[in-house]
Number of protein chains: 2
Amino acid sequence: MAPSAVPQDDSTLTANGIASSIAKTAPSVLDSSSGQSNGTSALLTDKITNGPSNGLKSTPSASSPLPELDASKLTITLTQNPRSVPAAGSPEQASQKVCTDHMITAQWTSSSGWAVPELKPYGPLTLMPTASCLHYATECFEGMKLYRGFDGKLRLFRPNLNCARMLMSANRIALPSFPPTELLKLIAKLCETDGGKWLPKDQPGSFLYIRPTMIASDPALGVQRPKEATLFIILTCFPPMDSDPKGLKLLASKNDMVRAWPGGFGYAKVGANYGPSLVAQGEARALGFDQILWLFGKNGEVTEAGASNFFVIWRTKDEGKLQLVTAPLGEKIILDGVTRRSVLELAREKLGGELEVVERKYTMAEVAEAQQEGRLVEAFAAGTAFFIAPVGLIHYHGNDLGVPLEEGKGGKYTYQLKTWLKDIMWGNQQHEWGYVIEEK
Amino acid sequence: MAPSAVPQDDSTLTANGIASSIAKTAPSVLDSSSGQSNGTSALLTDKITNGPSNGLKSTPSASSPLPELDASKLTITLTQNPRSVPAAGSPEQASQKVCTDHMITAQWTSSSGWAVPELKPYGPLTLMPTASCLHYATECFEGMKLYRGFDGKLRLFRPNLNCARMLMSANRIALPSFPPTELLKLIAKLCETDGGKWLPKDQPGSFLYIRPTMIASDPALGVQRPKEATLFIILTCFPPMDSDPKGLKLLASKNDMVRAWPGGFGYAKVGANYGPSLVAQGEARALGFDQILWLFGKNGEVTEAGASNFFVIWRTKDEGKLQLVTAPLGEKIILDGVTRRSVLELAREKLGGELEVVERKYTMAEVAEAQQEGRLVEAFAAGTAFFIAPVGLIHYHGNDLGVPLEEGKGGKYTYQLKTWLKDIMWGNQQHEWGYVIEEK
């Protein structure tokens, strides 16, 4: 096509173009008109959460005759060398190195589409030194958990949201599309296979961390759209998610380190958001803090805490109105977190009479002013890995700003939200967000 | 350390802090007071280019008693299964998939420092599925070339600059430090080993692409500073670097796709700059363009073309003065390219009487205005992989802006600069920038 024939509207290059491309692949998952109440970018929904067989429709893209990712074709090779399960509370469990007995992998090429996925013994990957993902960060992932409930059942939490987001992330870095429901079926199958042994029924309240990952595995150094990719899913032991009883200590970022920017990829769960944050994170830890509180722009807008979303509860300056505030999704610089979304939805549903739920840009100066005037009520980080973590202190412009909390519990609302979520995750409350894994 | 003991000046968190940390490791390489004439961030110098044994001093950091990367300890295992060299001009040569017979690897751990580097047969890497680099883009690289000169010699081009930049890139994503001169010695050794066979003396004017890479190989999912890393160096066949005789066709980026941001990492050669650019690049190619011309900010400042630096030559509006213009390094959103630097230095030295060399912010609107008023003289992209590539067209705001060039040669100055550089690279001119690899 001659450049002069380029249409005036280069809309395929836009973020909307990507969303449109996702919608073509998975129209049933990504429904921007679904009336989700939490913001301008509510692309992800989890209307159907009853189980794998009732999951989202697998809709192969009409434009592609190549095989789609198809969980029904999964081949299964069980391990002959079962691994031992680390004791609860052991350093081994906390190392984030110990994976379960099995993993799932699936290969994709641009010429042949998705190959048959395989469930097989956990083990190393073999990549050529020229593999795209080792040079160009052509990689994305999800973070989820498998919960052993107090009712004895294994559950995922709103997994459709993760699977849809994984597709969005993959597309942001030119990795292949797939039907999110097929990814969900594969995740469920791995959980069903290893969950019984690794999360025994006599240890309710335990969990495993689930890491679906996609990498470009082309053995070619050209900087170009990947022609080969590998999807893999692993289950990892994880330290208990109880945070410091005194709350997280955050260090507000300075202007010379920015996590994400408009037109970038801060909203996608791509590797490129993480590696570049580690220097600042490492320095913060060396200074005695837990995480960076990432600010953006010359006004110091509050965005994320470490790799989690961030919330404050304050009273407004003018009217003293109680508000739960978090940054909006509109500029696409923060992650549309599943925990973030759940907090907003629960707060709107159950706390609406007590506090106002607000998604808006807000600055660190506003938070500092509220703290100094005694209007800062609570603050917490929210994400899958470390769940709801109360914040006890923010270091900003040379000052330690204390945030009120009850030691070991966090603030009243933080604790309430955390409890509601835990009850759903571990089956104390039957809820459509809990996705039960059937065990044999 | 208690958070309240945090110093008022958190300077270790700043970009300057990183530069300072680099300077401690490699003071002889990174000399910001060296009087380099090209800009505010002239961290890299190549004063000493006579050969590995006269190279930069290896200065182990005083704070670390752990073993440094040490090329003198290299172990050598030659291949028993030599690979065949693709014919010049073959699709195999152009695939960027064919590597030479050998590679060099070196392992690092935070507890043991650098292990003995190994030269060994080229082959796959084995990584656990939990490896940091597969999830968090903890990876950086360099791009260099090995030239077979018309005088029969093998040469690198200003390799000290690449080795120093690799250290800077590694530090930007929390990968370990190393003495750049040791990296250079390892590169030279691999080139010496494979250069004779893969760049025969009867094929002057040929080259191989050199890819030093460092990845975090920790098998642990924690988002944290890497505790294990792997350095590897490979040599790859590459397509001839003659570009389209009609020049590159560039598509100016729109606001919703931004390559880099102040406080980010656009100046470092880290994977995170590449994967997220592939969607825009793929769409540009589908529309018939070669690359994206990345603009930044609401004023549309011109930054890079694809993964190359970008230059225009124009006459000024007021005085009609001839200028060679490129974006400055100050905001750290563009790469301090070795070709960019060399172009600036040669132009200042040899073309100073004819044109003014200017590093300043300039906008796409200025370029378009110059084009419309007949003041745009030439434009080219400059980088190692595709060298000096004349630009023939820029698509911006719905218009195709033609750039003058002589078919097959580019503009007069572009061609002149390219010729001078080629003469140094392939030994038609003996120059301190040419780094000769001694062959046995």
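Rules used throughout
Residues numbered from 1 in each chain as written. Chains lettered and ligands numbered in written order. Predicted model: local features only at pLDDT ≥ 70, side-chain atom pairs only at ≥ 80, totals over all residues. Heavy atoms only, no water. Core = buried A, V, L, I, M, F, W, Y, C linked by side-chain atoms within 4.5 Å. Buried < 20%, exposed > 50% of the residue type's maximum accessible area, 1.4 Å probe, protein only. Contact = heavy atoms within 4.5 Å. Buried area = accessible area lost by both parts, 1.4 Å probe. Polar contact = N/O pair within 3.5 Å; in protein donor to acceptor, adjacent residues only side chain to side chain. Helix = DSSP H or I, 4+ residues; strand = E, 2+ residues; numbered from the N terminus. Nonpolar A, V, L, I, M, F, W, Y, C, P; charged D, E, K, R; others polar. Pairing = 2+ DSSP bridges. Domains from an automatic or database assignment. Axes fitted to C-alpha atoms, helices over the stretch in contact; angles between N-to-C directions. Parallel < 35°, antiparallel > 145°, perpendicular 65-115°, else oblique. Left-handed = near helix turned anticlockwise from the far one by under 90°. Expected span 1.5 Å × (residues − 1). Salt bridge = Lys/Arg side-chain N within 4 Å of Asp/Glu carboxyl O. Least-squares fit on C-alpha atoms with pLDDT ≥ 70 in both. Arc of directions from axis to C-beta. Disulfide = S-S within 2.5 Å. Phe/Tyr/Trp six-rings, centres within 6.5 Å; stacked < 30°, edge-to-face > 60°. UniProt positions renumbered as here; feature names shortened; annotations may be inferred. pLDDT = per-residue confidence, 0-100.

Counting residues in hydrophobic clusters, the biggest one holds 162 residues, and the most contacted among them are A:Met214, A:Phe310, B:Met214 and B:Phe310. A:Tyr147, B:Cys99, B:Leu161 and B:Phe207 belong to the second largest nonpolar core, which has 92 residues in total.

Across the contact, 91 residues belong to chain B and 90 residues belong to chain A. Carbon and sulfur atoms make up 64% of the area that chain B and chain A hide from each other, which totals about 7,500 Å². On inspection of chain B and its partner chain A, the count reaches 23 residue pairs in polar contact (both at pLDDT 80 or more). A per-element tally of the side of chain B that touches chain A places helix 6 (residues 278–286) of chain B first, with nine residues. Taken together, the residues of the side of chain B that touches chain A break down into 50 nonpolar, 26 polar and 15 charged. Summarising the sheet, strand 5 (residues 125–127) of chain A and strand 5 (residues 125–127) of chain B pair through three bridges and their orientation is antiparallel.

Residue and element names in this part refer to chain A. Domain boundaries in chain A define domain 1 (13–50), domain 2 (71–236) and domain 3 (248–425). The straight-line distance from the C-alpha centre of domain 2 to that of domain 3 is 28 Å. Across the boundary between the two partners, domain 2 contributes 19 residues, which contact 21 residues of domain 3. Across the domain 2/domain 3 interface, buried area totals approximately 1,800 Å², and carbon plus sulfur atoms make up 63% of it.

Residues and elements named next belong to chain B. Pairing analysis gives four bridges linking strand 18 (residues 387–396) to strand 19 (residues 399–402), with the strands arranged antiparallel. Within the sheet, the bridge partner assigned to Tyr396 lies in strand 19 and is Asn399. Counted along the chain from strand 18 to the antiparallel partner strand 19, the turn is two residues long, and its residue His397 has a positive phi close to 50°.

Moving on, we get to the packing of helix 4 (residues 159–172) of chain B against helix 5 (residues 180–198) of chain B. Residues and elements named next belong to chain B. It is the contact of helix 4 with helix 5, at a shortest axis distance of 9 Å, that shows an interaxial angle of 125°. Classified by the angle between their axes, helix 4 and helix 5 sit oblique to one another. Considering only the axes of helix 4 and helix 5, their crossing is right-handed. In contact with Pro159, Asn160, Cys163, Ala164, Met166 and Leu167 of helix 4, helix 5 contributes Pro180, Leu183, Leu184 and Ile187. Residue composition of the contact of helix 4 with helix 5, by class: nine nonpolar, one polar and no charged.

Take helix 4 of chain B next. All names here are of chain B. Here helix 4 spans 20 Å end to end across 14 residues, near enough to the 20 Å set by a 1.5 Å rise per residue. Among the 14 residues that make up helix 4, 14 are buried, leaving the element largely enclosed by the rest of the structure. The first or second residue beyond helix 4 is Ala174, which carries a positive phi of 70°.

Residues and elements named next belong to chain A. Tallied over the full model, the rule gives 44 salt bridges over all chains. Across the pair Arg341 and Asp336 runs a salt bridge whose closest N-O atoms are separated by 2.8 Å. Using a relative accessible area of 1% as the deciding quantity, one classes Arg341 as buried. Using a relative accessible area of 9% as the deciding quantity, one classes Asp336 as buried. Within the structure, one salt-bridge network assembled from shared partners comprises Lys317, Glu369, Glu373 and Arg375.

Attention now goes to the relation of the copies chain B and chain A. If you rotate chain B by 180° and push it 0.0 Å along the axis, it lands on chain A with an RMSD of 0.0 Å. Here the symmetry operator amounts to a two-fold rotation axis. The residues that chain B uses at the interface reappear at the interface of chain A in 98% of cases, marking a shared surface.

Let's shift gears to helix 8 (residues 364–372) of chain A. Residues and elements named next belong to chain A. Within helix 8 the residues assigned to the buried category are Met364, Val367, Ala368 and Ala370. Taken down its axis, helix 8 places every buried residue within 160° of arc, on the same side. Immediately downstream of helix 8, the backbone of Gly374 shows phi near 75°, a positive value.

Here we come to unusual backbone geometry. Residues and elements named next belong to chain A. The residue Ala137 is not glycine, and still its phi comes out positive at about 55°. Summarising the element assignment, Ala137 is placed in the loop between helix 3 (132–135) and strand 6 (139–141). Of note, Ala174 is a non-glycine position whose phi angle comes to about 70°, a positive value. By secondary structure assignment, the location of Ala174 is in the loop between helix 4 (159–172) and helix 5 (180–198).

What follows is about the state of the cysteines. Tallied over the entire structure, the rule returns zero disulfides over all chains. In this model A:Cys237 remains outside any disulfide bridge; the closest cysteine sulfur is found in A:Cys99, 7.8 Å from its own. Left without a disulfide partner, B:Cys133 is nearest to the cysteine sulfur of A:Cys133, which lies 6.8 Å away. A relative accessible area of 0% places B:Cys133 in the buried class.

So, about the packing of aromatic side chains. With the rule as written, the count across this model stands at 25 aromatic pairs over all chains. Consider the rings of A:Phe296 and B:Trp261, whose centres lie 5.5 Å apart with planes at 40°: the pair is tilted. You can see A:Phe296 sitting in strand 12 (residues 291–296) and its partner B:Trp261 sitting in the loop between strand 11 (248–252) and helix 6, one on each of two chains. Considered together, A:Phe296 and B:Trp261 belong to a single accessibility category, that of buried residues. With 5.9 Å between their ring centres and 85° between their planes, A:Trp314 and A:Tyr362 make a pair best called edge-to-face. Separated by 48 residues along the polypeptide, A:Trp314 in strand 14 (residues 308–315) and A:Tyr362 in the loop between strand 16 (356–359) and helix 8 bring together distant segments of the chain. Across this residue pair, the class does not change: A:Trp314 and A:Tyr362 are buried. In textbook terms, an aromatic cluster arises when at least three aromatic residues are bridged by ring pairs, as seen for A:Trp261, A:Phe265, A:Phe296, B:Trp261, B:Phe265 and B:Phe296.

It is worth spelling out the UniProt feature "modified residue: N6-(pyridoxal phosphate)lysine" (unreviewed entry) in chain A at this point. All names here are of chain A. Mapped onto the present numbering, the UniProt feature "modified residue: N6-(pyridoxal phosphate)lysine" (unreviewed entry) falls at Lys269. With respect to the helices and strands, Lys269 occurs in the loop between strand 11 (248–252) and helix 6 (278–286). Overall, the relative accessible area of 9% leaves Lys269 in the buried class. Once residues lying within four places of it in the same chain are set aside, the contact partners of Lys269 are Cys140, Phe141, Glu142, Gly143, Arg165, Ser169, Tyr274 and Leu335.

Bringing the packing of helix 7 (residues 338–350) of chain A against helix 9 (residues 412–425) of chain A into the picture now. Residues and elements named next belong to chain A. Two elements in contact, helix 7 and helix 9, have axes separated by 10 Å at closest approach and are oriented at 110°. The angle between helix 7 and helix 9 falls in the class roughly perpendicular. Here helix 7 contributes Thr339, Ser342, Val343, Leu346, Ala347 and Lys350 to the contact with helix 9, which in turn contributes Leu417, Trp420 and Leu421. In terms of residue class, the contact of helix 7 with helix 9 is made up of six nonpolar, two polar and one charged.

Attention now moves to the confidence of the model for chain A. Residue and element names in this part refer to chain A. Considering every residue of chain A, the mean pLDDT works out to 88; 85% of them sit at 70 or more. Taken as a whole, residues 1–43 scores under 50 in pLDDT and shows 94 contacts with residues more than four places along the chain or in a different chain. Across residues 47–61 the pLDDT falls below 50, and counting only partners more than four positions away or on other chains, this stretch makes 32 contacts in the model. Across the whole predicted complex the pTM is 0.88, and at the interface the ipTM reaches 0.89.

Let's shift gears to the side chain of A:Gln281. With respect to the element layout, A:Gln281 can be found in helix 6. On the basis of relative accessible area, A:Gln281 is assigned to the buried category, the value being 6%. Sequence-distant contacts of A:Gln281, defined by excluding residues within four places in its chain, comprise A:Gln291, A:Ile292, B:Val223, B:Gln224 and B:Arg225.

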